[in-house]
Amino acid sequence: MDQLERLRNLCLDLPETTERLSHGEPTWFVRDKKTFVMFADHHHDDRLGFWCAAPPGVQQELVAEDPAHYFRPPYVGHRGWLGVYLDVDVDWAEIKEIVTDAYRVIAPKTLVKQLDAMTGRP
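Residues numbered from 1 in each chain as written. Predicted model: local features only at pLDDT ≥ 70, side-chain atom pairs only at ≥ 80, totals over all residues. Heavy atoms only, no water.

(A) Quick look at the pattern of salt bridges. All chains considered together, the criterion is met by six salt bridges. Between Arg-8 and Glu-5 there is a salt bridge, and its shortest N-O distance comes to 2.4 Å. Here the residue Arg-8 and the residue Glu-5 both occupy positions in helix H1 (residues 3-12), the gap between them amounting to three residues, near one helical turn. Two residues, Asp-116 and Arg-104, come together in a salt bridge whose shortest N-O distance is 2.6 Å. With Asp-116 in helix H4 (residues 109-119) and Arg-104 in helix H3 (residues 92-106), this pair connects stretches of sequence that are twelve residues apart. Each member of the pair Asp-116 and Arg-104 is classed as buried. (Salt bridge = Lys/Arg side-chain N within 4 Å of Asp/Glu carboxyl O. Helix = DSSP H or I, 4+ residues; strand = E, 2+ residues; numbered from the N terminus. Buried < 20%, exposed > 50% of the residue type's maximum accessible area, 1.4 Å probe, protein only.)

Structure below.
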């Protein structure tokens, strides 16, 4: 399975998510309205990755700790969004956590509660 398919599966496993093209890239939405993850296939540079919403401070922390895997994406980086490279060794368990956190940042509380019930998180 390629990176896009793996990312797609992680995103679509979350409650009430949809996928459609936005700015020419596969993008995932909560309730078909709010973007939480956007695939980046060499659209803005020569790298493969994705951009996602992130909790406050996470972008700065991860980019400072590991710039080989994380970056500040254009256009949305100033809002704290995180860029994640997929053309390097990828820890898919970590990617799942990042995608789930992105969802939690964007989704309404009712859907976050539904996700918590699905995952057994208190």
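(B) The arrangement of the layout of surface pockets in detail. Roughly 270 Å³ of internal volume is contained in the largest pocket. Taken together, 15 residues form the lining of the largest pocket, with Thr-35, Met-38, Val-76, Arg-79 and Trp-81 sitting closest to its centre. Split into classes, the residues belonging to the lining of the largest pocket amount to nine nonpolar, five polar and one charged. (1 Å grid on protein atoms, 1.4 Å probe; cavity = no way out; pocket = protein on both sides within 12 Å on 5 of 7 lines; lining within 4 Å. Points joined across faces, edges and corners; volume = space filled by probe spheres on them. Nonpolar A, V, L, I, M, F, W, Y, C, P; charged D, E, K, R; others polar.)

(C) How the structure looks around the sheet that holds strand E2 (residues 25-30). A sheet is described by the order of its strands in space; here six strands give the open sequence E1-E2-E3-E4-E6-E5, paired in antiparallel fashion. Each end of this open sheet is capped by a strand with a single partner; those strands are strand E1 (17-22) and strand E5 (70-71). Strand direction decides the pairing type here: E5 and strand E6 (residues 82-85), joined by two bridges, are antiparallel. Its bridge partner lying in E6, Tyr-70 is registered against Val-84. Lying on the sheet, H3 is in contact with E1, E2, strand E3 (34-41), strand E4 (48-52), E5 and E6; it crosses E3 at an angle near 145 degrees. (Pairing = 2+ DSSP bridges. Contact = heavy atoms within 4.5 Å. Axes fitted to C-alpha atoms, helices over the stretch in contact; angles between N-to-C directions.)

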